Amino acid sequence: FEVAISQRLARTVGTPDGTARSAGDGVPVQEAYKTLTGNDALQVSLDEKSLAETKSLLEVSDFNTPVICGSRSEPIYRDPKDYDVEELNNGIANSHCYRIRGYNRSTEEVLLLNPWHRKTWLNSGEEGSGLFAMPVDQFYASYRWVATQKASESTDAAKAA
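Reading the values: rules and limits
Residues numbered from 1 in each chain as written. Predicted model: local features only at pLDDT ≥ 70, side-chain atom pairs only at ≥ 80, totals over all residues. Heavy atoms only, no water. Disulfide = S-S within 2.5 Å. Buried < 20%, exposed > 50% of the residue type's maximum accessible area, 1.4 Å probe, protein only. Helix = DSSP H or I, 4+ residues; strand = E, 2+ residues; numbered from the N terminus. Polar contact = N/O pair within 3.5 Å; in protein donor to acceptor, adjacent residues only side chain to side chain. Contact = heavy atoms within 4.5 Å. Phe/Tyr/Trp six-rings, centres within 6.5 Å; stacked < 30°, edge-to-face > 60°. Pairing = 2+ DSSP bridges. Axes fitted to C-alpha atoms, helices over the stretch in contact; angles between N-to-C directions. Salt bridge = Lys/Arg side-chain N within 4 Å of Asp/Glu carboxyl O. Core = buried A, V, L, I, M, F, W, Y, C linked by side-chain atoms within 4.5 Å. Arc of directions from axis to C-beta.

Undergrad: For the state of the cysteines, give the residues involved together with the corresponding values.
TA: Under the counting rule described, the total for this entry stands at 0 disulfides. With no disulfide partner, Cys69 has as its closest neighbouring cysteine sulfur the one in Cys97, 6.8 Å distant. Owing to a relative accessible area of 0%, Cys69 belongs among the buried residues under this scheme. A relative accessible area of 6% places Cys97 in the buried class.

Encoded structure:
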């Protein structure tokens, strides 16, 4: 996702250092999502949601459309404390975009894909695939936002969550 938007922006806008990767730095999620899919995105801040609300959001998400999430860049603390969020030392790359492939309500695990095919939660999952399952409470502590396609019944329900 990051590489694709960077390559597109580098061709159309250019970059000060001449690299495609730097073109995508700081691009708002909604703009990148629309550029790559042609659809508007609904971005939800997990900092403004409880763990229960995050579970509800995942339960109503339509994983037949792109559902992406961004990992944390720095520690945050909130009151009342659901979970303390510390610097990521759990295998997840800081400030990185992952794809959510699904949510298993019975096991409370989020199925994620790292497009770099590395950096998985506690180095779990298939070697070199980037695909791994993560408990939802660890997902909540490690990621700061979720974005999915707007204008479907499932995302309207997610918006209300």
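Undergrad: Break down the side chain of Thr65 for me, citing the residues and quoting the values.
TA: With respect to the secondary-structure elements, Thr65 resides in the loop between helix H4 (51-60) and strand S2 (67-71). From its side chain, Thr65 meets the backbone oxygen of Asp62 in a polar contact 2.9 Å long. Here Thr65 is in contact with Arg99, Thr148 and Gln149, once residues within four sequence places are set aside.

Undergrad: I'd love a proper account of the packing of aromatic side chains, names of residues and values included.
TA: One pass over the full model with this rule turns up 3 aromatic pairs. Ring centres of Tyr98 and Tyr143 lie 5.4 Å apart, and the angle between their planes is 90°; this geometry places the pair in the edge-to-face category. Separated by 45 residues along the polypeptide, Tyr98 in strand S3 (residues 97-104) and Tyr143 in strand S6 (residues 143-149) bring together distant segments of the chain. In terms of burial, Tyr98 and Tyr143 fall into one category: buried.

Undergrad: How would you summarise the sheet that holds strand S4 (residues 109-113) if you had to cite specific residues and measurements?
TA: As summarised here, the arrangement of the 6 strands in space is S1-S6-S2-S3-S4-S5, forming an open sheet in which the pairing is antiparallel. Each edge of the open sheet is held by one strand with a lone partner, namely strand S1 (41-45) and strand S5 (131-135). Taking each pair of neighbouring strands and ignoring which way they run, the sheet shows an average axis angle of 35°. Its contacts with the sheet place helix H3 (residues 29-37) against S1, S2 and S6, and it is angled at close to 35° to S6. Sheet strands in contact with H4 are S1, S3, S4 and S6, and its direction is about 85° off that of S3.

Undergrad: Describe the pattern of salt bridges, and please don't skip the residues or the numbers.
TA: Here the structure, examined in full by the defined rule, presents 4 salt bridges. Residue Lys34 pairs with Asp40 through a salt bridge whose shortest N-O separation is 3.3 Å. Judged by its relative accessible area of 39%, Lys34 is partly exposed.

Undergrad: Kindly report on the nonpolar core, identifying the contributing residues and their values.
TA: Core analysis: the largest hydrophobic core is formed by 24 residues, its most contacted members being Ile100, Leu112, Phe139 and Tyr143. Secondary-structure elements contributing two or more residues to this core are S1, H4, S2, S3, S4, S5, helix H5 (136-142) and S6. Contact partners of Tyr143, with chain neighbours within four places excluded, come to Leu46, Cys69, Gly70, Ser71, Arg72, Ile92, Tyr98, Leu112, Phe132 and Met134. Listed in part, the 7 residues of the second largest apolar core include Tyr33, Ile68, Trp145 and Ala147.

Undergrad: Got a sec to walk through the environment of Phe132? Specific residues and values, please.
TA: By the element assignment, Phe132 lies in strand S5. Given the relative accessible area of 1%, Phe132 is considered buried. Ignoring any residue separated from it by four or fewer positions in sequence, one finds Phe132 in contact with Ile92, Tyr98, Val110, Leu111, Leu112, Asn114, Lys119, Thr120, Trp121, Ser124, Gly125 and Tyr143.

Undergrad: Describe in detail the environment of Lys150, supporting the description with residues and values.
TA: One can find Lys150 in the loop between S6 and helix H6 (153-160). Judged by relative accessible area, Lys150 falls into the partly exposed class, the value being 37%. With 85 residues separating them in the primary sequence, Lys150 and Thr65 have C-alpha atoms 10.0 Å apart.

Undergrad: Run through H4, naming residues and quoting values.
TA: Turning to H4, its buried residues are Leu51, Thr54, Lys55, Leu57 and Leu58. Viewed along the axis of H4, the buried residues span an arc of 160°, placing them on a single side of the element.

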